[in-house]
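Each chain, written out:
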Amino acid sequence: MNNMTAVAALALLFACGDDGKETGETGMTETTTTTTGTTGTTGTTGTTGTTGTTGTTGTTGTTATEDTADLRAIHLGVNVPGVDIFANDGMDALVTNLEFTNAAGYLTVPAATYDIDIAVSPGTAADSVLPVDGVALGAGSVSTAVAYGELSAGLAVALLDDSTDGLDAANMRVNVMHGAYNVGQVDIWNITDMSAPAPLLVDVDYGAVANVDLPSASYVLGFDVDNDERVDLSFTIPELPGGAVYEVIATSDDTGVYLSAFLPDNTFVRIDADT
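In this report, we go over the structure that sits alongside the text. (Residues numbered from 1 in each chain as written. Predicted model: local features only at pLDDT ≥ 70, side-chain atom pairs only at ≥ 80, totals over all residues. Heavy atoms only, no water.)

### Here we look at the sheet that holds strand E5 (residues 113-120)
Phase 1 of the analysis: Strand order in this open sheet of four strands is E3-E2-E5-E6, and the pairing throughout is antiparallel. Looking along the sheet, the strands with just one partner apiece sit at the ends: strand E3 (95-98) and strand E6 (130-136). Mean inter-strand twist for the sheet, computed between neighbouring axes without regard to direction, equals 25 degrees.
Phase 2 of the analysis: In the sheet, strand E2 (residues 83-87) pairs with E5 via five bridges, with the strands oriented antiparallel. By the bridge assignment for E5, phenylalanine 86 is matched with aspartate 117. (Pairing = 2+ DSSP bridges. Helix = DSSP H or I, 4+ residues; strand = E, 2+ residues; numbered from the N terminus. Axes fitted to C-alpha atoms, helices over the stretch in contact; angles between N-to-C directions.)

### Some remarks on the nonpolar core
Phase 1 of the analysis: Judged by nonpolar contacts, the single largest core of 27 residues is most densely connected at Ile188, Leu200, Leu201, Leu221, Phe223 and Leu259.
Phase 2 of the analysis: Within the residue set of this core, elements represented by two or more residues are strand E9 (171-179), strand E10 (186-190), strand E11 (198-204), strand E12 (209-215), strand E13 (219-224), strand E14 (233-237), strand E15 (245-253) and strand E16 (256-262).
Phase 3 of the analysis: Residues contacting phenylalanine 223, with those up to four places away along its chain left out, are Val186, Asp187, Ile188, Arg230, Val231, Asp232, Leu233, Phe235 and Leu259.
Phase 4 of the analysis: Counting 16 residues, the second largest nonpolar core, distinct from the first, contains Ala73, Val80, Ala87 and Ile118. (Core = buried A, V, L, I, M, F, W, Y, C linked by side-chain atoms within 4.5 Å. Buried < 20%, exposed > 50% of the residue type's maximum accessible area, 1.4 Å probe, protein only. Contact = heavy atoms within 4.5 Å.)

Right, here's the structure in full:
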């Protein structure tokens, strides 16, 4: 498989918010009137029906349209404190104190191009430590922006496509990303069946992103970090429901290398290497 280049769009981090909404049904007004017979009397008018309640806000889902975009932010910058994110020199932060391993959730925003400023929290746009200009949010897009790396070794952002277009309901779409700053190029193998290991992604550079559709099941992924066609690290991915997109990001810090998995409802799951 070809190498995939990460999209440097830290800007998209501003697009953090909550999830889809469901609205309850409104009750219909009921009226019942009897007809007047030749000698009968007119019936009484029926009572008015009750109004339905408004549904609660959902925990998942996106609502992008032809004029809007849905996006969320994930903070995986090692040794980076919480950040505030501003758009178009705004006075108020669109995201406040987003911390390591946190996902801010999807927010529906107008499809447009934005200038973004990232500041250590608490901060202002004028305190920006990483301005990113000209960030285009495409109409109807559904994305996750991931800040990754390490403070002293350099930080970057990758954009992951969370669209479910063409995804079979029996399959899960996994956005795989190499975000382990102190690990070089890797090969990723599907070693669920050890008698028939198969390459899943080959020559994956640091910062690269790919999405893979797989039948909904549990998997064991093997990472070859030195191109010797031997598994150096393996990780067990639990079975996840089909018809959804999941982020699985290789992460490294002073505790070692692990996978950071994020579910559609923003839940973070740390997956440590198998022993």
